[in-house]
Amino acid sequence: MNLIDQLQRSVLVIKCQLGDRSAWDELYRRYNPPLGYYLRRLTGREQAVGDLQQEIWLAVVRNLVKLKTPEAFTVWFYRIARGKAVDGFTTDHNVLSLQEEHDVADESTEDDPFDGSDAAQVHTALDELRPEQREALLLRFMEDLSYEQIAEVVGCNVGTVRSRIHYGKSALRRQLEKSYE
């Protein structure tokens, strides 16, 4: 994310904290579609996404004034989303385990080029990944979060995030290769 986008997002958050209704509308327009996608991929339960989104937005509305650093909004927002999703589906095996992985990929693997030409096949292949790999890839490539920000959202160390992204990209490539055969 470039500096201008980051500043615009911070100003939007500050306006929301000050009670600007049009700013809330804009924040919702920006974040609700990617939130829905994130929740569908995280939980695997399409029918529950709307309820989860409402719970998340209610928590955001109630607590945004407490956010001291507006530039941290995206991480804060996805921590809320993840917490609500995991709390709501703790018995579901498709939802993330909160345990850390200990096999860490080499740091040189950060953002290898990845070409997924057919979006539908990429979305389908994402569903075949382990949930924690899928989540790391979504936060990295859909939300453009840094490794450090992802670690903060999911509650693990940066090495674990690197590992999940590295192995997730490898698994995604394998899934896509299978679909092109």
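The preceding data block contains the structure.
Residues numbered from 1 in each chain as written. Predicted model: local features only at pLDDT ≥ 70, side-chain atom pairs only at ≥ 80, totals over all residues. Heavy atoms only, no water.

**Q** Please provide a residue-by-residue account of unusual backbone geometry, values included.
**A** Look at Asp144: it is not a glycine, yet its phi comes out positive at around 60 degrees. Take Asp144: it is sitting in the loop between helix 6 (131-142) and helix 7 (147-154). For Asp144, a relative accessible area of 39% corresponds to the partly exposed category. (Helix = DSSP H or I, 4+ residues; strand = E, 2+ residues; numbered from the N terminus. Buried < 20%, exposed > 50% of the residue type's maximum accessible area, 1.4 Å probe, protein only.)

**Q** Talk me through the packing of aromatic side chains; I want residue IDs and the actual numbers.
**A** With the rule as written, the count across this model stands at eight aromatic pairs. Ring centres of Phe73 and Trp76 lie 5.8 Å apart, and the angle between their planes is 45 degrees; on these two criteria the pair is classed as tilted. Placement of the pair is Phe73 and Trp76 together in helix 4 (residues 73-88), with a separation of three residues, close to one helical turn. Trp76 shares its class with Phe73; the two are buried. By the ring-pair criterion, three or more aromatic residues cluster together here, those being Tyr28, Tyr31, Tyr38, Trp57, Phe73, Trp76, Phe77 and Tyr78. Arg162 extends its terminal NZ or CZ atom over the ring of Tyr147, reaching a point 4.7 Å from the ring centre. (Phe/Tyr/Trp six-rings, centres within 6.5 Å; stacked < 30°, edge-to-face > 60°. Lys NZ or Arg CZ within 6 Å of the ring centre and 35° of its normal.)

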